[in-house]
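A look at the structure
One-letter residues, chain by chain:
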Amino acid sequence: MISLLIALVSLLAFGSASIFKKRPIREIGVFSALLLNYAFTSILTLAALLAFSSVALPNFEIWLLLLVEIAVGSAAIVAFYKAVEEGDLSLVSPVAKLSVVVTLLISLMFLNEILSPLHLIGSAIIIASAVVIGTQKGRVKNLERGVFYAILTGLGWGVYFALLKPLTLALGPFNTSFYTEAGILAIVLAFVLLSRKKISFTRTASKSQFAGAFLAVIGLITYNFAIQLIGAALSASVLAASPALVALFSRLYLKEKIARHKYFAIAGIVLGLILLVFG
């Protein structure tokens, strides 16, 4: 139960962090917001590493795995920011959480993890509910704005969160968090410089991104702890319930509105989470 509570802390942190990403993207653009976010998360994860752990140097095999993880994570986060730029956060976030399907498949097939029948049922309910939230009238061919990029995000995040398990087991939660965040910052910065993207920063955008980064770092570190304790598959399934929080916070903070029937899908996500916790 304590292990699942750690995963729930990660769920709350990640769900809250997403709310602070929308306005900076509108104000300063996708790549400026990305640079701010990963500059803050790199600094915060380094501070957490130095305060609560010690630096571990990866061996050759772990370095290769880190490079793959960083490349996949960079592509996924750019797709997510594009999705948020185009569509409502309350809609694209649930679709991005379809990454749980990919993580579950990788975890069950390659990481030798096992889920109980209730865990599988809960995961299926969460996935089905996410499809309803992210589409028009439940029809996959009628995608809401930004959902195409959200699907790309889900594919990337599915691989990313599955690969966190071997990295976390080898390096620990704090080192893994720092290496991945700093690596993604380097990739985004290199792309911005090579493509000569226009970059701008404002005080309000910086404050919002720092708040989001602070919560994201809490979510990432606790998620990495959860992976060690309960595995990548179950941790990803718990995190897949974050659309319920995102939809609520988007309604309160961003004044986004979604169709009434999609609130039933959000309730389905909550039900699925309950099955995961007590399964």
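Everything here concerns the structure above.
A brief look at the structure comes next. Everything numeric here is computed off the predicted structure, so don't read it as measured data.

**Details of the packing of helix α3 (residues 30–52) against helix α10 (residues 203–230)**
- Between α3 and α10, whose axes approach to 8 Å, the crossing angle comes to 45°. One way to sum up the angle between α3 and α10 is to call them oblique. Seen along the crossing, α3 lies across α10 with a hand that is right-handed. The segment α3 lies against α10, with Ala 33, Leu 34, Leu 36, Asn 37, Phe 40, Thr 41, Leu 44, Thr 45 and Ala 48 engaging Ala 205, Ser 206, Gln 209, Phe 210, Ala 213, Phe 214, Val 217 and Ile 221.
- Broken down by class, the residue content of the contact of α3 with α10 amounts to 12 nonpolar, 5 polar and no charged.

**So, empty space enclosed by the protein**
- For the structure on display, the rule yields 2 cavities of 30 Å³ or more.
- By volume, the largest cavity is sized at about 370 Å³.
- Surrounding the largest cavity, 22 residues form its lining, Phe 14, Tyr 38, Ile 77, Trp 157 and Phe 161 being those nearest its centre.
- Breaking the lining of the largest cavity down by element, the ones donating at least two residues are α1 (2–17), α3, α4 (60–86), α8 (147–171), α9 (173–195) and α10.
- Residues of the lining of the largest cavity, tallied by class, amount to 13 nonpolar, 6 polar and 3 charged.

**A word on the pattern of salt bridges**
- Summed over the entire model, instances satisfying the criterion amount to 1 salt bridge.
- Among the ionic pairs, Glu 85 bridges to Lys 82, the shortest N-O distance being 3.3 Å. Taken together, the positions of Glu 85 and Lys 82, both in helix α4 and 3 residues apart, correspond to about one turn of that helix.

**Section: unusual backbone geometry**
- A positive phi is found at Arg 196, a non-glycine position, where the angle reads about 55°.
- Following the sequence through the fold, Arg 196 ends up in the loop between α9 and α10.

**Details of the nonpolar core**
- Counting residues in each nonpolar core, the largest one holds 53 residues, and the members touching the most others are Leu 34, Ile 77, Tyr 81 and Tyr 223.
- Excluding its chain neighbours within four sequence positions, the residues that come into contact with Ile 77 are Leu 34, Tyr 38, Trp 157 and Ile 184.

**Re the packing of α8 against α10**
- Running from N to C, α8 and α10 point in directions that differ by 80°, and their axes come no closer than 9 Å. It follows that α8 is roughly perpendicular to α10 by the angle criterion. From α8, Phe 161, Leu 164, Lys 165, Thr 168 and Leu 169 reach across to α10, where they touch Tyr 223, Asn 224, Ile 227 and Gln 228.
- Looking at the contact of α8 with α10, its residues break down into 5 nonpolar, 3 polar and 1 charged.

**Some remarks on the packing of aromatic side chains**
- Using the criterion set out here, one finds 12 aromatic pairs in the structure.
- Summarising the aromatic geometry, the rings of Phe 148 and Tyr 149 are spaced 5.7 Å apart at their centres and angled 70° between planes, so their arrangement reads as edge-to-face.
- Phe 148 gets classed as exposed once you look at its relative accessible area, which sits at 52%.
- Taking the centre distance of 5.0 Å and the plane angle of 65° together, the rings of Phe 161 and Tyr 223 count as edge-to-face. Pair noted here: Phe 161 is in helix α8 and Tyr 223 is in helix α10, with a separation of 62 residues, a long-range link.
- Its relative accessible area of 1% is what places Tyr 223 among the buried residues.

What counts and how
- Residues numbered from 1 in each chain as written.
- Predicted model: local features only at pLDDT ≥ 70, side-chain atom pairs only at ≥ 80, totals over all residues.
- Heavy atoms only, no water.
- Axes fitted to C-alpha atoms, helices over the stretch in contact; angles between N-to-C directions.
- Helix = DSSP H or I, 4+ residues; strand = E, 2+ residues; numbered from the N terminus.
- Parallel < 35°, antiparallel > 145°, perpendicular 65-115°, else oblique.
- Left-handed = near helix turned anticlockwise from the far one by under 90°.
- Contact = heavy atoms within 4.5 Å.
- Nonpolar A, V, L, I, M, F, W, Y, C, P; charged D, E, K, R; others polar.
- 1 Å grid on protein atoms, 1.4 Å probe; cavity = no way out; pocket = protein on both sides within 12 Å on 5 of 7 lines; lining within 4 Å.
- Points joined across faces, edges and corners; volume = space filled by probe spheres on them.
- Salt bridge = Lys/Arg side-chain N within 4 Å of Asp/Glu carboxyl O.
- Core = buried A, V, L, I, M, F, W, Y, C linked by side-chain atoms within 4.5 Å.
- Buried < 20%, exposed > 50% of the residue type's maximum accessible area, 1.4 Å probe, protein only.
- Phe/Tyr/Trp six-rings, centres within 6.5 Å; stacked < 30°, edge-to-face > 60°.

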